[in-house]
Amino acid sequence: SNIPGPCRGDSAERGKFELSSGYEDPRSGGLACLNDGHLAEREYAPDDNFFLQGDSQGRLMLDLQRVAKIIQINSYSTNQFRHGPQAYVIYASDGKSPAFMPRPPMRLDPQRAGWKRIAEVNTGLLDDGKAWLRGVSVSDSQGALGDFRYLLFDVSSPAVGNPFGNTFFSELDVVAAGDTTRSAAVGWAE
């Protein structure tokens, strides 16, 4: 209930996601699910979520189409048990470093390719027996996270060894200075 709900009008909504490494599960609803301002309306809704195949790792790259002062990055997943937990590392770049690679291969640490490590997220198995909507909010208590154009989400499975263990990501919001956001999810904090 302390995590802001999904919103419309954020910078990610105007950005472009691409899977730079890894494989999308054929049952996934696709990358468009990540910035449509919409959450899945029920616990098991593969078509309303983006997720990787099996228990594989992958990288999602988001091009915001402009350098922006990033205030907050929020991720939302749906599923009470195996598809709900979130595990990823966020990297960011303004794209100006001579070493910058927009799609660093999995074997290469993004920090060696012009990316800055922002945060590591691992919610673990948050089994409270009832919640099937999960939210994570990344921000800096001192102000903005920085001025960036590109974000890289290095996603891992929270359930390695489970062939159906990848996270159902329902929305990824990026709030930047100047964004005029409005709530997109009724009843998020319920």
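Being a predicted model, the structure only gives us computed values, none of them experimental.

Asker: How would you explain the overall build of the protein if you had to name every residue and give the values?
Answerer: Counting its regular elements, the protein contains one helix and nine strands. For the protein, the α and β elements follow one another from N to C terminus as β-α-β-β-β-β-β-β-β-β. Put simply, the protein has 190 residues, and 47% of those count as buried. A sequence separation of at least 24 residues applies to 81% of the contacts in the protein between residues at least 6 apart.

Asker: Let's hear about the side chain of Asn-49: which residues, and what values?
Answerer: Note on placement: Asn-49 falls in the loop between strand 2 (16-21) and strand 3 (58-78). In this structure Asn-49 comes out as buried when scored by relative accessible area, which is 0%. Apart from residues no more than four positions distant in its own chain, Asn-49 is found in contact with Ser-28, Gly-29, Gly-30, Cys-33, Ala-40, Thr-78, Phe-168, Phe-169 and Ser-170.

Asker: Describe the nonpolar core, with residues and values.
Answerer: Membership of the largest hydrophobic core comes to 27 residues, with the highest contact counts inside it found for Ile-70, Ile-73, Tyr-88, Val-138, Leu-151 and Phe-153. Within the residue set of this core, elements represented by two or more residues are strand 3, strand 4 (87-93), strand 5 (116-122), strand 6 (133-139), strand 7 (146-155) and strand 8 (169-176). In terms of residues, this core owes the most to one element, strand 3, which gives six residues. Setting aside anything within four residues of it in sequence, one finds Ile-73 in contact with Ile-90, Val-136, Ser-137, Val-138, Leu-145, Leu-151, Phe-153 and Asp-173. By size, the runner-up hydrophobic cluster in this structure holds eight residues, among which are Val-89, Ala-113, Trp-115 and Leu-152.

Asker: Mind laying out the confidence of the model for the protein, listing which residues take part and the relevant values?
Answerer: Keep in mind that low pLDDT regions are not for reading the predicted coordinates in detail. Counting all residues, the mean pLDDT for the protein is 88, and 88% of those residues have values of 70 or more. Within the protein, strand 9 (residues 182-183) has the poorest average pLDDT of any element, 82, and strand 7 the best, 97.

Criteria and thresholds
Residues numbered from 1 in each chain as written. Predicted model: local features only at pLDDT ≥ 70, side-chain atom pairs only at ≥ 80, totals over all residues. Heavy atoms only, no water. Helix = DSSP H or I, 4+ residues; strand = E, 2+ residues; numbered from the N terminus. Buried < 20%, exposed > 50% of the residue type's maximum accessible area, 1.4 Å probe, protein only. Contact = heavy atoms within 4.5 Å. Core = buried A, V, L, I, M, F, W, Y, C linked by side-chain atoms within 4.5 Å. pLDDT = per-residue confidence, 0-100.

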